[in-house]
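Structural features, examined
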Amino acid sequence: GDPNFFAALELVALPLVLAAAGIARARWVRAALYTVVVVLVMAVLTTLSRGGLLTLATIVFFILALPAGSFLRSRAQKVAVVLVLTLAGTVAYSVVAQDLVPRIQHVFTEEGKTGSGRLNAWRAAWASIQERPVLGLGYGGFDPVANDLMLRTPGVDLANFELRAGGLKAHSAYIGTAAELGIPGLLLFLGLVGSTLRALRRTVARARLEGADFVARIANALFV
């Protein structure tokens, strides 16, 4: 139901599908997987999620920057993937440009300078973190008090933003975690993310030593 969350799910799948294409030997299987890549990219753009668009650009950057063997088979396959992504992006953009371009341009207008309320939420959450740095508001505690925090936090711009009846999410996993669970909760969250990335990198190294290319490519895809 949420376009940003849907776009995120599609983007988690994208590197995994590319990794699957990297190990597929039959041409028809690779062609089918590349078709899935096209569908994923088009699905992300049709959500009109600006966060999804930025994340897609980041994933494409990693695909270009990482060695071809990271989760593809060869440089030729990497070139093919870039062409597929370019085709998918071009076709999807032509379909959604009429709706997507105004959403992007809105960020640079007077009404859009709060980032659809995100900057207001971040300022309010930061004020709460300063008030309760250790214990925070409690899990799920930011939304109900967000309006009150925004009303009394300096720098919050309410001229072009209407308060919502149910409050507002922090719109940041890191700021929101710190506001609700305090600095200790944020450190635990960062530790969870960091240990996951470390485990994936170790998995890649061990898989390479064992000759388990499939495991190494999937681990790299999950890392991205």
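The paragraphs below set out a description of the structure included in this document. (Residues numbered from 1 in each chain as written. Predicted model: local features only at pLDDT ≥ 70, side-chain atom pairs only at ≥ 80, totals over all residues. Heavy atoms only, no water.)

What follows is about helix α1 (residues 3-23). Under the 1.5 Å per step criterion, the end-to-end length of α1 is 31 Å for 21 residues, consistent within 8% with the ideal 30 Å. Within the span of α1, buried status applies to A7, E10, L11, L14, P15, V17, L18, A19, A21 and G22. Two or three places before N4, at the opening of α1, D2 has a side-chain oxygen 3.2 Å from that residue's backbone nitrogen. (Helix = DSSP H or I, 4+ residues; strand = E, 2+ residues; numbered from the N terminus. Expected span 1.5 Å × (residues − 1). Buried < 20%, exposed > 50% of the residue type's maximum accessible area, 1.4 Å probe, protein only. Polar contact = N/O pair within 3.5 Å; in protein donor to acceptor, adjacent residues only side chain to side chain.)

A few words now on the pattern of salt bridges. Side chains that differ in sign of charge can pair as their charged atoms come close. Applying the stated criterion to the full structure yields 5 salt bridges. As a salt-bridge pair, K169 and D143 come within 3.1 Å of each other at their nearest N and O atoms. One end of the pair, K169, is in the loop between α6 (142-152) and α7 (173-210); the other, D143, is in helix α6, with 26 residues separating them in the sequence. Judged by relative accessible area, which is 54%, K169 ranks as exposed. For the salt bridge of R208 with D213, the shortest nitrogen-to-oxygen distance reads 3.5 Å. Owing to a relative accessible area of 34%, R208 belongs among the partly exposed residues under this scheme. (Salt bridge = Lys/Arg side-chain N within 4 Å of Asp/Glu carboxyl O.)

Moving on, we come to the packing of α7 against helix α8 (residues 213-223). The description of two helices packed together rests on the angle between their axes and the distance between the axes. It is the contact of α7 with α8, at a shortest axis distance of 8 Å, that shows an interaxial angle of 160°. The angle between α7 and α8 falls in the class roughly antiparallel. Judged by the sense of rotation from one axis to the other, the crossing of α7 with α8 is left-handed. Side by side, α7 and α8 meet where L197, L200, R201, T203, V204, A207 and R208 of the first sit next to D213, V215, A216, A219, N220, L222 and F223 of the second. (Axes fitted to C-alpha atoms, helices over the stretch in contact; angles between N-to-C directions. Parallel < 35°, antiparallel > 145°, perpendicular 65-115°, else oblique. Left-handed = near helix turned anticlockwise from the far one by under 90°. Contact = heavy atoms within 4.5 Å.)

The subject of this paragraph is the packing of α1 against helix α2 (residues 27-46). Where α1 meets α2, the closest approach of the two axes is 9 Å, and the angle between their N-to-C directions is 160°. It follows from the interaxial angle that α1 and α2 lie roughly antiparallel. By crossing handedness, the relation of α1 to α2 is classed as left-handed. Contact residues: α1 offers F6, A7, E10, L11, A13, L14, V17, L18, A20 and A21, while α2 offers R30, L33, Y34, V36, V37, L40, A43 and V44. Here the contact of α1 with α2 is composed, by residue class, of 16 nonpolar, no polar and 2 charged. (Nonpolar A, V, L, I, M, F, W, Y, C, P; charged D, E, K, R; others polar.)

Take the packing of aromatic side chains next. One pass over the structure, following the stated rule, counts 2 aromatic pairs. With a centroid separation of 5.8 Å and an interplanar angle of 70°, the aromatic rings of F61 and F62 are classed as edge-to-face. Judged by centre distance (5.6 Å) and plane angle (50°), the ring pair of Y174 and F189 falls under tilted. Of the residues examined, Y174 reaches a relative accessible area of 44% and is grouped as partly exposed. Taking the ring centre of F223 as reference, the NZ or CZ of R201 above it sits at 5.2 Å. (Phe/Tyr/Trp six-rings, centres within 6.5 Å; stacked < 30°, edge-to-face > 60°. Lys NZ or Arg CZ within 6 Å of the ring centre and 35° of its normal.)

What follows deals with the side chain of N220. Of note, N220 is situated in helix α8. Given a relative accessible area of 7%, N220 falls into the buried group.

Relative to the 22 Å expected for 16 residues at 1.5 Å per residue, helix α3 (residues 50-65) spans 23 Å between its end C-alpha atoms, a close match to the ideal helical length. The complete set of buried residues in α3 reads R50, G52, L56, I59 and I63.

Formed by 28 residues in total, the largest nonpolar core has its most connected members in L14, L18, V37, I63 and V81. Setting aside its immediate chain neighbours within four residues, L14 contacts V37, L40, L56 and I59. Counting 15 residues, the second-largest nonpolar core is a separate cluster that includes A124, F161, L168 and A179. (Core = buried A, V, L, I, M, F, W, Y, C linked by side-chain atoms within 4.5 Å.)

For L48, which is not a glycine, the phi torsion comes out positive at approximately 60°. Structurally, L48 is set in the loop between α2 and α3. For H171, which is not glycine, the phi torsion reads 55° and is therefore positive. When you line up the elements, H171 lands in the loop between α6 and α7.

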